[in-house]
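Spelled out, the chains give:
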Amino acid sequence: MRKEYFTLLVIALGYILGGCKEERDGGWPAFKWKVESVSNYDEIKVGIDKNSNVIVELYSNAGEVILNATNYNPWICDIKVGDIWEKEKSTKESDWHNRTYEWGTINIDGHIANLRFSDLSEEYKDIPINIYLEDGDAFSSIFIKRMTEEQ
């Protein structure tokens, strides 16, 4: 009987220690982004960095980017324009997936994130826009920068 308890204890410790190791490493896989479409590839450049964050560089005032987070259904956590947080974390479920600003809109439906830039004028050229997304304990960001021809 003691041998059975010892075996159960060893198995339980294996799961506990294995779980701790996974948690220490982050636990959740990184977001896997796929660029579905870009309204004008000459004026909008989209890249994904090694940390699974999306970088959008715009050389015009307007355009559209559609992204697919193939392994998550993200929601909007926070948005920061320059050093200013646009909204605090919202408890309204509609704000988790859709937001409208003077520079454009963000709509998330399931895996698909649609970014529409309607007035990303020259005043934004030195002001990055950061959209922070999450799904459970997985996080990702979309960094938007208004570029000029010299950059």
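Residues numbered from 1 in each chain as written. Predicted model: local features only at pLDDT ≥ 70, side-chain atom pairs only at ≥ 80, totals over all residues. Heavy atoms only, no water.

> Got a sec to walk through the overall build of the protein chain? Specific residues and values, please.
A tally of regular secondary structure across the protein chain gives 2 helices and 11 strands. Each helix and strand of the protein chain, placed in order from N terminus to C terminus, yields the pattern α-β-β-β-β-β-β-α-β-β-β-β-β. Split into buried and exposed, the 151 residues of the protein chain put 36% on the buried side. Put simply, 59% of the contacts in the protein chain that link residues at least 6 apart link residues at least 24 apart. (Helix = DSSP H or I, 4+ residues; strand = E, 2+ residues; numbered from the N terminus. Buried < 20%, exposed > 50% of the residue type's maximum accessible area, 1.4 Å probe, protein only. Contact = heavy atoms within 4.5 Å.)

> Go over the sheet that holds strand 8 (residues 104-109) with me, naming the residues and quoting the values.
Reading across the sheet, the 5 strands line up as 1-4-9-8-7 and stay open at both edges, with antiparallel pairing between neighbours. Both edges of this open sheet fall to strand 1 (33-38) and strand 7 (98-101), since each of them pairs with a single strand only. Shown here is a sheet whose adjacent strand axes are inclined to one another by a mean of 15°, direction ignored. Inspection of the sheet shows strand 1 paired to strand 4 (residues 63-69) by 5 bridges, in the antiparallel sense. If you follow K34 over to strand 4, its bridge partner there is N68. (Pairing = 2+ DSSP bridges. Axes fitted to C-alpha atoms, helices over the stretch in contact; angles between N-to-C directions.)

> Describe the pairing of strand 4, and please don't skip the residues or the numbers.
Where burial is concerned, most of strand 4 is hidden: 6 out of the 7 residues are buried. Two elements, strand 4 and strand 9 (residues 112-117), share 6 bridges in a ladder whose sense is antiparallel. Note on strand 9: the bridge partner recorded for L67 is A113.

> Go over the pattern of salt bridges, please, and point to the residues and values.
Tallying each qualifying case throughout the model produces 3 salt bridges. The salt bridge involving K34 is made with E36; its shortest N-O contact spans 4.0 Å. Owing to a relative accessible area of 36%, E36 belongs among the partly exposed residues under this scheme. Among the ionic pairs, R146 bridges to E122, the shortest N-O distance being 2.9 Å. Pair noted here: R146 is in strand 11 (residues 138-146) and E122 is in the loop between strand 9 and strand 10 (129-135), with a separation of 24 residues, a long-range link. We classify R146 as buried; its relative accessible area is 5%. (Salt bridge = Lys/Arg side-chain N within 4 Å of Asp/Glu carboxyl O.)

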